[in-house]
Amino acid sequence: MDEFRMSQEDVSANHPNVIVPTCEGNTFQKKAHSIRTLSAEEAEKLARDQTLVSDFKQSKLEKEAQKNWDLFYKRNSTNFFKDRHWTTREFEELKACREKNPSYNIERCKVFQCDLTKDDLLENIPANSVDVVTLIFVLSAIHPDKMHLVLQNIYKVLKPGKCILFRDYGLYDHAMLRFKSGSKLGDNFYVRQDGTRSYFFTHEFLSQLFMAEGYEQVVNEYVLRETVNRKEGLCVPRIFLQSKFRKPLSKP
């Protein structure tokens with residue numbers, strides 16, 4: 001499949017979905033403040049899929065969440081992850097933090113494992129000391145009832161005036177539409193065959209989630225991408241939510 005990307009940016013605050021195209025390959029991209037419209041077939045499929053996974057299995061999945069993700073990373077340690085060059089393109093804060101800090105040294109980075117829903121970050125990181133936090137395809141793996149705990153935990157270590165950079169699955173992403181019947185855990189929440197789970201965000205839900213924990217919204221928009229395989233006649237719609245939320249200089 002040839003790579004083809006078209007990046008399209010807002011040109012007016014009064015017309016948020018007016019876009020200016022640029023071109024690189026066989027993938028089309030634009031940013032928008034509204035979700036895409038489903039086809040009649042897609043809407044019918046989602047309407048039919050109302051049966052939820054049993055409470056017993058849902059409880060089991062929650063208890064085994066860490067184990068399932070550990071197995072996922074073990075299976076995919078060398079053949080799944082690629083360099084994500086878009087991170088410094090989309091989030092300038094990351095490039096600036098890396099290049100402008102003369103003390104940056106990978107040998108001095110502190111690496112530790114924790115469960116953001118229950119392990120206190122203050123045990124490893126001083127309060128109000130972090131310049132930038134990335135939540136890139138992290139929050140979707142956490143049960144919606146526990147997402148606020150992650151944000152509360154991060155709030156304690158983030159410097160006032162600094163941001164969380166967020167990117168994750170958006171509502172009606174291709175991955176969501178591919179789930180078979182029997183995979184639904186709740187509204188916009190699904191389980192894969194390997195036991196890992198995924199939530200698909202709307203910008204309204206995300207905004208309410210962050211602002212309820214005291215953050216200020218800086219940017220919160222959908223990234224709509226279409227990968228086209230002309231030979232096979234396929235068009236794969238990918239939808240992500242890309243956002244920045246800031247810790248106020250003084251907590252309201």
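My aim in this report is to walk through the structure given alongside it, one point at a time. Numbering of residues starts from 1 in every chain and runs along the sequence as written. Restriction of local features to residues with pLDDT of at least 70 applies here, the model being predicted, together with a cutoff of 80 or more for giving and counting side-chain atom pairs; totals for whole chains, interfaces and linings are based on all residues. Where side-chain values are given, they derive from all heavy atoms of the structure, hydrogens and water being excluded.

1. Observations concerning the environment of Leu-224
When you line up the elements, Leu-224 lands in strand E10 (residues 216–229). Here the term buried applies to any residue with accessible area under 20% of the maximum for its type, exposed to any over 50%, and partly exposed to those in between, with areas from a 1.4 Å probe on protein chains only. Relative accessible area serves as the criterion here: at 13%, Leu-224 is assigned to the buried category. Remark: the alpha-carbon pair of Leu-224 and Ile-239, spanning 15 residues in sequence, is separated by 4.8 Å. Under the scheme used here, helices are H or I runs from DSSP no shorter than 4 residues and strands are E runs no shorter than 2 residues, and both carry numbers assigned from the N terminus.

2. As for the environment of Phe-189
Following the sequence through the fold, Phe-189 ends up in strand E8 (residues 189–191). Separated by 137 residues in the primary sequence, Phe-189 and Leu-52 have C-alpha atoms spaced 9.9 Å apart. We call two residues in contact whenever any of their non-hydrogen atoms come within 4.5 Å of each other. Setting aside residues no more than four positions away along its own chain, Phe-189 makes contact with Ser-140, Ile-142, His-143, Pro-144, Ser-183, Lys-184, Arg-197, Ser-198 and Tyr-199.

3. Comments concerning helix H8 (residues 203–211)
Taken together, the buried positions of H8 are His-203, Leu-206, Ser-207, Leu-209 and Phe-210. Viewed end-on, H8 has its buried residues packed into an arc of 165°, placing them on one side of the element. On its buried face, H8 sits against strand E5 (130–136), helix H6 (147–157), strand E6 (158–169), E10 and strand E11 (234–246). What the arc covers is the set of directions going from the helix axis to the C-beta atoms.

4. Regarding helix H3 (residues 65–75)
Along H3, the positions that sit buried rather than exposed are Ala-65, Asn-68, Trp-69 and Phe-72. Looking down the long axis of H3, one finds its buried residues gathered within 95° of arc, a one-sided arrangement. On its buried face, H3 sits against helix H2 (55–63) and strand E9 (197–199).

5. Quick word on the packing of aromatic side chains
Stacked, tilted and edge-to-face are the three classes applied to pairs of Phe, Tyr and Trp rings, where Trp contributes its six-membered ring and a pair requires centres within 6.5 Å; stacked means planes under 30 degrees apart, edge-to-face means over 60, and tilted covers the rest. The tally for this structure, following the rule as stated, stands at 17 aromatic pairs. Between the aromatic rings of Trp-69 and Phe-72, the centroid separation amounts to 5.2 Å while the plane-to-plane angle is 75°, which identifies the pairing as edge-to-face. A residue pair is termed a helical-turn pair when its members lie 3 or 4 positions apart in one helix, as Trp-69 and Phe-72 do in helix H3 at three residues. There is no split in this pair, since Trp-69 and Phe-72 are both buried. For the pair Phe-166 and Phe-201, a centre-to-centre distance of 5.4 Å together with 90° between the ring planes defines the contact as edge-to-face. On the criterion of sequence distance, the pair formed by Phe-166 in strand E6 and Phe-201 in the loop between E9 and H8 is long-range, its members being 35 residues apart.

6. Looking at the pairing of E6
DSSP-based pairing: two strands are paired if at least 2 bridges between them are found. In this structure, E5 lies alongside E6, joined through six bridges in parallel fashion. In the sheet register, Val-130 faces E6, and the bridge partner there is Leu-158. If you view a crossover with the strands going away from you and the path from the first strand over the helix to the second runs clockwise, you call it right-handed. Read from E5 through H6 to E6, the crossover connection turns out right-handed. When E6 meets E11, the two strands line up antiparallel, connected through seven bridges. The partner of Ile-164 across the bridge, within E11, is Phe-245.

7. Here we look at the side chain of Asn-153
Within the secondary structure, Asn-153 sits in helix H6. Among all residues touching Asn-153, those that are not within four sequence positions of it are Leu-116, Asp-119, Asp-120 and Leu-121.

8. Things to note about the sheet that holds E9
Here three strands make up an open sheet; going across it, the order is E7-E8-E9 and the pairing antiparallel. Either end of the sheet is taken by a strand with one partner, and the two such strands are strand E7 (184–186) and E9. Going across the sheet, the axis of each strand differs from the next one's by a mean of 25°, ignoring polarity. When E8 meets E9, the two strands line up antiparallel, connected through three bridges. Its bridge partner being in E9, Tyr-190 is matched across the sheet by Ser-198. Lines fitted to the C-alpha atoms define the axes, with helices restricted to the stretch that makes contact. Angles between their N-to-C directions range from 0 to 180 degrees.

9. Structural notes on the pattern of salt bridges
One side chain can pair with another of opposite charge once the charged atoms of both are near each other. A carboxyl oxygen of Asp or Glu within 4 Å of a side-chain nitrogen of Lys or Arg is what we treat as a salt bridge. As enumerated under the stated definition, the model contains 12 salt bridges in all. The salt bridge involving Glu-62 is made with Lys-146; its shortest N-O contact spans 2.7 Å. Here Glu-62, found in helix H2, pairs with Lys-146, found in the loop between E5 and H6; they are 84 residues apart in sequence, far enough to count as distant. One network of salt bridges, in which partners are shared, links Lys-60, Glu-64 and Lys-67.

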